[in-house]
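Working through the structure, step by step
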Amino acid sequence: MRSYIEIPGWFDEEWLYDRMIDRAPPQATFVEVGCWLGKSTAYCASRIRGCGKAIAFYAVDTWLGSPSEPAMLDAVAQAGGSVYDVFRANMEDAGVLDAIRPMRLPSVVAATLFANASLDFVFIDADHSQASVQADILAWRPKLRPGGILAGHDWNTYGSVQQAVRAMLGADFSVEGNCWIHQTPADGEHRA
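Presented here is an overview of the structure given in this document. (Residues numbered from 1 in each chain as written. Predicted model: local features only at pLDDT ≥ 70, side-chain atom pairs only at ≥ 80, totals over all residues. Heavy atoms only, no water.)

With the rule as written, the count across this model stands at 1 cavity of 30 Å³ or more. Its boundaries defined by the atoms lining it, the largest cavity holds a volume of some 40 Å³. Together, Ile124, Asp125, Ala126, Asp127, His128, Val133, Gly152, His153, Val161 and Trp180 line the largest cavity. The residue makeup of the lining of the largest cavity, split by class, is 5 nonpolar, 3 polar and 2 charged. (1 Å grid on protein atoms, 1.4 Å probe; cavity = no way out; pocket = protein on both sides within 12 Å on 5 of 7 lines; lining within 4 Å. Points joined across faces, edges and corners; volume = space filled by probe spheres on them. Nonpolar A, V, L, I, M, F, W, Y, C, P; charged D, E, K, R; others polar.)

This is how it looks when you write it as structure tokens:
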């Protein structure tokens, strides 16, 4: 069986996934937006499987690469137009394919398939352009249950991510490591 470490990609937020899994309520629902070849997806799925909780885990991506990332577009071209089959093979090799629910859709389209206030954790790590990050936040934020977490990657990597998060969330987020984290108010909690 292949370890997530062997899957090519960018992933340094194990601590956040561990935290979300540890605090997840029974019957939680997680969404990872931007999965690429599945490094973080494999990690999260293996941790979910090992925790004993019934967490539904959706993996959302087009598997066509981000328009602003030439290396991704090259990989997609070399793979024949999509890296989805590579992602699925990586999940199979990691022994977690049955623990995820891939959604081969653009992020904002996938978000429409979830009811508002139905998700416990959404992690955004897709197209890093300011417009795309803002659209992702706008699409996914209403989908969170009270107390749910919306977070994303590459805070320290892309100024466009910082601009988008600030534009959409104001000061209603924190930064830990290379991640930004927003928590929706819990039931009965009101923010000024």
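That covers the picture; the talk isn't over yet.
Okay, helix 2 (residues 39-51) next. Over its 13 residues, helix 2 runs 19 Å from end to end, which matches the ideal 18 Å to within 8%, given 1.5 Å per residue. The elements touched by buried residues of helix 2 are helix 1 (14-23), strand 1 (29-33), strand 2 (56-61) and helix 4 (84-93). (Helix = DSSP H or I, 4+ residues; strand = E, 2+ residues; numbered from the N terminus. Expected span 1.5 Å × (residues − 1). Contact = heavy atoms within 4.5 Å.)

Turning to the sheet that holds strand 1, a few remarks are in order. Taken in spatial order, the 7 strands make up an open sheet running 3-2-1-4-5-7-6, and their pairing is mixed. Unpaired on one side and paired on the other, strand 3 (101-104) and strand 6 (174-176) mark the two borders of the sheet. The average angle at which neighbouring strand axes cross in this sheet is 20°, direction not considered. Summarising the sheet, strand 1 and strand 4 (residues 119-124) pair through 4 bridges and their orientation is parallel. Bridge assignment links Val33 to a residue of strand 4, and that residue is Ile124. The strands touched by helix 2 are strand 1 and strand 2; relative to strand 2, the strand with the most contacts, the crossing angle is about 175°. (Pairing = 2+ DSSP bridges. Axes fitted to C-alpha atoms, helices over the stretch in contact; angles between N-to-C directions.)

Quick look at the environment of Glu69 now. Mapped onto the elements of the fold, Glu69 is located in the loop between strand 2 and helix 3 (70-78). You can call Glu69 buried: its relative accessible area is 19%. Each C-alpha atom of the pair Glu69 and Asp127 lies 8.4 Å from the other, and the pair is 58 residues apart in sequence. Sequence-distant contacts of Glu69, defined by excluding residues within four places in its chain, comprise His128 and Tyr158. (Buried < 20%, exposed > 50% of the residue type's maximum accessible area, 1.4 Å probe, protein only.)

Moving on to the side chain of Asp136. Tracing the backbone through its elements, the reader meets Asp136 in helix 6 (residues 130-140). Lys143 provides the closest opposite charge to the buried, unpaired Asp136, separated from it by 13 Å. The residues touching Asp136, leaving out its near neighbours within four places in the chain, are Val33, Ser107, Val108, Ile124 and Ala126. (Lys, Arg positive; Asp, Glu negative; His and termini not counted. Salt bridge = Lys/Arg side-chain N within 4 Å of Asp/Glu carboxyl O.)

A separate point is the pattern of salt bridges. All told, the structure shown has 6 salt bridges when counted by the stated rule. Arg145 is the partner of Asp120 in a salt bridge, and the nearest nitrogen-oxygen pair spans 3.2 Å. Placement of the pair is Asp120 in strand 4 and Arg145 in strand 5 (residues 144-153), with a sequence separation of 25 residues. Assessed through its relative accessible area of 12%, Asp120 is described here as buried. Among the residues examined, Arg145 registers a relative accessible area of 29% and is labelled partly exposed. A single network of salt bridges, built from pairs that share partners, joins Asp18, Asp22 and Arg47.

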